[in-house]
Amino acid sequence: PLSKKIKEKLPITREEALAFIKEYTKKEANLNHYLESEAVMRGLARHLGKNEEYWGMLGLLHDIDWEITEYDSTLHLTKAPELLQEKGFDEDFINIILSHGYGFDCAGFKDMKRSQELEHALACSETVTGLIYSTALMRPNKIADLEVKSLKKKMKDKKFAANVDRDVIKECEKLGISLDEFLQIAIDSIKEIAGEIGLA
């Protein structure tokens with residue numbers, strides 16, 4: 001089945017999670033990405049009637065070891081399990097975090113495939129943030145009046161935000177959500193935190 005039964009228990013609060021991230025994240029752009037990923041995951045959870053706190057926490061912490069492994073991208077997600085275990089996160093949570101690296105040349109995940117609902121959710125959510133942020137930055141009103149059709153135009157332009165994997169964004173369809181619907185949820189979610197991430 002697409003959604004494996006997992007105990008959606010969180011060992012730390014959101015405040016603690018934010019402090020935890022800030023220990024390992026010094027660059028504002030990275031922190032913005034984590035906050036955007038959290039927002040989109042929460043919006044998606046709300047839309048699907050899922051556990052908002054749990055989904056949000058996955059978005060917030062998904063790249064916890066990014067700055068530690070930045071010097072060698074193949075090491076991304078190799079340090080995350082240990083860091084998350086120390087905070088009391090269980091195997092299920094850690095495995096979902098790791099799954100957003102599947103298909104990429106990091107932590108030996110190149111040939112792995114996502115199969116669970118939460119894995120697809122995290123992957124499409126954290127990936128779409130790059131497209132939205134880059135698009136919004138170029139607009140006079142930033143994200144305030146960003147519409148799905150403008151975003152889709154940018155999505156078709158492969159040279160724009162070239163490192164954003166369009167196929168991963170389309171994994172939203174595995175959740176029973178159309179691309180248009182997902183882009184709208186993502187825009188609306190990021191709008192809510194626009195002031196925190198320099199898009200207001």
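About the cut-offs
Residues numbered from 1 in each chain as written. Predicted model: local features only at pLDDT ≥ 70, side-chain atom pairs only at ≥ 80, totals over all residues. Heavy atoms only, no water. Patch = residues over 30% accessible without salt bridge, like charges linked within 9 Å, V, L, I, M, F, W, Y side chains within 5 Å. Areas by Shrake-Rupley, 256 points an atom, 1.4 Å probe, with all protein chains shown as cover. Salt bridge = Lys/Arg side-chain N within 4 Å of Asp/Glu carboxyl O. Lys, Arg positive; Asp, Glu negative; His and termini not counted. Charge placed at Lys NZ, Arg CZ, Asp CG, Glu CD. Helix = DSSP H or I, 4+ residues; strand = E, 2+ residues; numbered from the N terminus. Buried < 20%, exposed > 50% of the residue type's maximum accessible area, 1.4 Å probe, protein only. Contact = heavy atoms within 4.5 Å. Axes fitted to C-alpha atoms, helices over the stretch in contact; angles between N-to-C directions. Parallel < 35°, antiparallel > 145°, perpendicular 65-115°, else oblique. Left-handed = near helix turned anticlockwise from the far one by under 90°. Nonpolar A, V, L, I, M, F, W, Y, C, P; charged D, E, K, R; others polar. Phe/Tyr/Trp six-rings, centres within 6.5 Å; stacked < 30°, edge-to-face > 60°.

Considerations on a positive patch on the surface
Here comes step 1: Where like charges cluster on the molecular surface, the positive patch consists of Lys 153, Lys 156, Lys 158 and Lys 170.
Here comes step 2: With respect to the helices and strands, the residue Lys 156 is situated in helix H7 (residues 148–156).
Here comes step 3: Note on Lys 156: relative accessible area 65%, which makes it exposed.

With respect to helix H5 (residues 91–99)
Here comes step 1: Regarding H5, the residues found buried are Phe 93, Ile 94, Ile 96, Ile 97, Leu 98 and Ser 99.
Here comes step 2: Taken together, the buried residues of H5 touch helix H3 (52–61), helix H4 (80–86) and helix H6 (117–137).

What to know about unusual backbone geometry
Here comes step 1: With phi around 75°, Leu 77 is a residue other than glycine that occupies positive phi space.
Here comes step 2: Along the chain, Leu 77 turns up in the loop between H3 and H4.
Here comes step 3: The backbone of Ala 107 shows a phi angle near 50°, a positive value even though the residue is not glycine.
Here comes step 4: Assignment of secondary structure puts Ala 107 in the loop between H5 and H6.
Here comes step 5: A relative accessible area of 25% means that Ala 107 is categorised as partly exposed.

Remarks on the packing of helix H1 (residues 14–24) against helix H2 (residues 28–48)
Here comes step 1: Remark: H1 packs on H2, axes separated minimally by 11 Å, with the N-to-C direction vectors making an angle of 150°. One element, H1, and the other, H2, form an angle in the roughly antiparallel class. Both H1 and H2 take part in a crossing whose hand is right-handed. On H2, the residues touching Arg 14, Leu 18, Ile 21 and Lys 22 of H1 are Leu 31, Tyr 34, Leu 35 and Glu 38.
Here comes step 2: Considered class by class, the residues forming the contact of H1 with H2 number five nonpolar, no polar and three charged.

Describing the packing of aromatic side chains
One pair of aromatic rings is described through two measures. These are the centre distance and the angle between the planes.
Here comes step 1: Under the defined criterion, the tally for this structure stands at four aromatic pairs.
Here comes step 2: With a centroid separation of 5.8 Å and 90° between ring planes, the pair formed by Phe 20 and Tyr 24 is classed as edge-to-face. Of this pair, Phe 20 and Tyr 24 both sit in helix H1, four residues apart, roughly one helical turn.
Here comes step 3: In this structure Phe 20 comes out as buried when scored by relative accessible area, which is 2%.
Here comes step 4: A centroid spacing of 4.2 Å and a plane angle of 25° characterise the contact between Phe 89 and Phe 93, whose relative ring orientation is stacked.
Here comes step 5: Phe 89 gets classed as buried once you look at its relative accessible area, which sits at 5%.
Here comes step 6: A connected cluster of aromatic rings, assembled from ring pairs, spans Tyr 54, Phe 89 and Phe 93.

From the geometry alone we can't say anything about function, so treat these as descriptive.
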